[in-house]
Number of protein chains: 2
Amino acid sequence: MSRVEERTPGRRARLRAQTTAEIKTIALKLMADGGADAISLRAIAREMGMSGSAIYSYFETRDALITTLIDDVYTSLVDRVEAARDACPPDDVAGRILAWGRALREWALANPEGFRLIYGDPVAGYRAPDAGPAPEAAERACLALTGLIAAAWPHAERLQSGGDHRWSDFAPALVDTVRDAFPDLPPAALALALRVWGRMHGLLALEMYGHLGPQTHEPAKLYDAELFDLIRSLGLEPH
Amino acid sequence: MSRVEERTPGRRARLRAQTTAEIKTIALKLMADGGADAISLRAIAREMGMSGSAIYSYFETRDALITTLIDDVYTSLVDRVEAARDACPPDDVAGRILAWGRALREWALANPEGFRLIYGDPVAGYRAPDAGPAPEAAERACLALTGLIAAAWPHAERLQSGGDHRWSDFAPALVDTVRDAFPDLPPAALALALRVWGRMHGLLALEMYGHLGPQTHEPAKLYDAELFDLIRSLGLEPH
DNA sequence: TCCTTCATTGTACGGCGCTCAATTTCCGTG
DNA sequence: CACGGAAATTGAGCGCCGTACAATGAAGGA
């Protein structure tokens, strides 16, 4: 256990990391053109020219692979929407919310299988391991959305009607993070953030799963109208 | 081909229908306690004491079975929400919308796998056969929702901001049905109906796929708040 | 240099959707 | 009633899948 080994992870570990990355890459490729259920350990191994059972040195089970895939994809989604949000100046709250929503849809259209992986039944027989899928990315998204609502709260507050929300309605971990980041925010604002999340998700989920296609061929118009309505319902002026 | 045979479908046909029904029943049972991907033709056959290949006399393929399952389940969902709506007097539009939304969520909570079947990736590798899944039930739902919006339109119209919706944005079949049922309704109202659909779907989909659970343990409160906000955004008074 | 550790292989098991030829069952007709 | 044919059913088989496990190979530290 020399110092050298600790500094550089060691040749062995590097190869291992590289192989792990290749497995994930191929898995994403398979998913992109065959759907999430086309991710088969045997197919990945075939593509890499290895034996089928070799994969099990890198992922204990297929579900484990799927889980890390979800995490990666979710993280890339959150990166993307946060970047879009930050392309708007912080004082343009309406613009930031609009950018967030639009980036979400554009990402989903560009990565339909990724969207299904995160927000749908990930894959045949897959069950999320205890703490739910991609807790970190999900919490990041939730917190960022709450930040947007916090910025809008001065305008939005008087438009909210009771609802009787308490801190105890929410998960303690989330409450801690939120109250830490936004000390003056009431629980109703967190409730609003979750509702906004749902509102951005609704039409998009319908579209991604093919329920909107048979009804309209201008889903973008619909989605934009919904975003504008949402922004206005927060007491902001879209432009 | 005697008259008797034409009147009664014939013993053979009756047995056939009965077996078909039994297959579907068992499939729903398997789905209820093992998820949609637990629906395996072999398992159904095993449960019925038949050979695995016998099922193929009744359903050409597994996807065909899933398709009729989706249709059945979707129909039962629409029946349910329409019944809930009709339990409110026609002049209480806010109440009818609220009842619709709540019935939707209650049905979903009682039939989580059914919800996933309709609104999610039905099942591993399943691809909807051309015209989308359950066209009839989906159109019924869409039309009924449009009816609710039509009733609210006198109040809602002035709260809608442009959006520039045209009849040509929507599927001709849907437009025909809608314009036939509600001759004076503008395209913006149809757009609103679809948006309302999305709004009712959003939070519920998040909840059903486990994205709300880690954040709140009062999803019902959240959903109700969203419904109230939605109703108010239509210019109606919830009570 | 040797020995341990880890990656990798091949084989195997059970389950899946689906196909197909062979068989049984049963109904309508001569 | 007996028979011919259609429909229902069977069983074997193909190629997938995830996973387990013992055996083999290589590579690195003592």
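Values in this document were obtained by computation on a predicted structure and should not be read as measured data.

A. Region of interest: the overall build of chain A. The helix and strand tally for chain A stands at 10 helices and zero strands. The N-to-C order of helical and strand elements in chain A reads α-α-α-α-α-α-α-α-α-α. Looking at chain A as a whole, 41% of its 239 residues qualify as buried. Within chain A, residue pairs in contact and separated by at least 24 positions form 67% of the contacts whose partners lie at least 6 positions apart.

B. Representation of the relation of the copies chain B and chain A in the model. By a simple turn and slide, chain B fits onto chain A: the slide is 0.0 Å along the axis, the RMSD is 0.1 Å, and the turn is 180°. Both copies are brought into coincidence by an operation consistent with a two-fold rotation axis. The position closest to the rotation axis in chain B is occupied by the C-alpha of G202 of chain B, lying 1.7 Å away. Both copies share a contact surface, since 100% of the interface residues of chain B are interface residues in chain A too.

C. Fine view of the protein's contact with DNA strand C. S51 and S53 of chain A together with S40, R42 and R62 of chain B are the nearest of the 24 residues found near DNA strand C. Sorting the residues of the surface near DNA strand C by element identifies helix 2 (11-34) of chain A together with helix 2 (11-34), helix 3 (41-48) and helix 4 (62-86) of chain B as the ones contributing at least two each. Per-element accounting of the surface near DNA strand C gives the leading share, three residues, to helix 3 of chain B.

D. Representation of the interface of chain B and chain A in the model. Listed per partner, the contact involves 45 residues of chain B and 45 residues of chain A. If you list the elements that add at least two residues to the side of chain B that touches chain A, you get helix 6 (112-119), helix 7 (135-156), helix 9 (187-208) and helix 10 (219-233) of chain B. If you tally residues by element for the side of chain B that touches chain A, the top one is helix 9 of chain B, at 11 residues. Among the residues making up the side of chain B that touches chain A, the classes are represented as 20 nonpolar, 16 polar and nine charged.

E. Molecular detail of the nonpolar core. Membership of the largest hydrophobic core comes to 141 residues, with the highest contact counts inside it found for I149, A152 and A193 of chain A together with I149, A152 and A193 of chain B. A193 of chain B has contacts with L145, T146 and I149 of chain B, leaving out every residue within four places of it along the chain.

F. Seen up close, the packing of helix 7 of chain B against helix 8 (residues 172-181) of chain B. Residue and element names in this part refer to chain B. The N-to-C vectors of helix 7 and helix 8 enclose an angle of 40°; their axes lie 11 Å apart at closest approach. Seen from above, helix 7 lies across helix 8 with right-handed handedness. Every residue of helix 8 that contacts helix 7 at C142, L143 and T146 is listed here: L174, T177, V178 and A181. Partitioned by chemical class, the residues of the contact of helix 7 with helix 8 number five nonpolar, two polar and no charged.

G. Region of interest: the packing of helix 7 of chain B against helix 9 of chain B. Residue and element names in this part refer to chain B. The N-to-C vectors of helix 7 and helix 9 enclose an angle of 115°; their axes lie 9 Å apart at closest approach. In this structure, helix 7 crosses over helix 9, and the sense of that crossing is right-handed. Contacts between helix 7 and helix 9 involve L145, T146, I149, A150, W153 and A156 from the former and A189, L190, L192, A193, V196 and W197 from the latter. Tallied by class, the residues present in the contact of helix 7 with helix 9 amount to 11 nonpolar, one polar and no charged.

H. Structural context of the environment of L159 of chain A. Residues and elements named next belong to chain A. Within the secondary structure layout, L159 lies in the loop between helix 7 (135-156) and helix 8 (172-181). The partly exposed category is assigned to L159, around which 13 C-beta atoms lie within 10 Å. Spatially, the C-alpha atom of L159 lies 7.4 Å from that of S233, the residues being 74 residues apart in sequence. Among residues more than four places away in sequence, those in contact with L159 are S233 and G235.

I. Local environment of the protein's contact with DNA strand D. Around DNA strand D sit 19 residues in total, of which S40 and R62 of chain A together with M50, S51 and S53 of chain B are the nearest. Looking at the surface near DNA strand D, the elements that each hand over two or more residues are helix 2, helix 3 (41-48) and helix 4 (62-86) of chain A together with helix 2 of chain B.

J. Structural detail: the environment of L77 of chain A. Along the polypeptide, L77 of chain A turns up in helix 4. The contacts of L77 of chain A, once residues within four sequence positions are left out, are W107 and I118 of chain A.

K. Here's a closer look at the confidence of the model for chain A. Averaged over every residue, the pLDDT of chain A is 91; residues scoring 70 or more account for 91%. Confidence over residues 1-8 of chain A falls short of pLDDT 50; this stretch has one contact with residues more than four positions distant or in other chains.

What counts, and where the lines are drawn
- Residues numbered from 1 in each chain as written.
- Chains lettered and ligands numbered in written order.
- Predicted model: local features only at pLDDT ≥ 70, side-chain atom pairs only at ≥ 80, totals over all residues.
- Helix = DSSP H or I, 4+ residues; strand = E, 2+ residues; numbered from the N terminus.
- Buried ≥ 20, exposed ≤ 12 C-beta atoms within 10 Å, placed from the backbone.
- Contact = placed C-beta atoms within 7 Å.
- Least-squares fit on C-alpha atoms with pLDDT ≥ 70 in both.
- Near = placed C-beta within 6 Å.
- Nonpolar A, V, L, I, M, F, W, Y, C, P; charged D, E, K, R; others polar.
- Core = buried A, V, L, I, M, F, W, Y, C linked by C-beta atoms within 7 Å.
- Axes fitted to C-alpha atoms, helices over the stretch in contact; angles between N-to-C directions.
- Left-handed = near helix turned anticlockwise from the far one by under 90°.
- pLDDT = per-residue confidence, 0-100.

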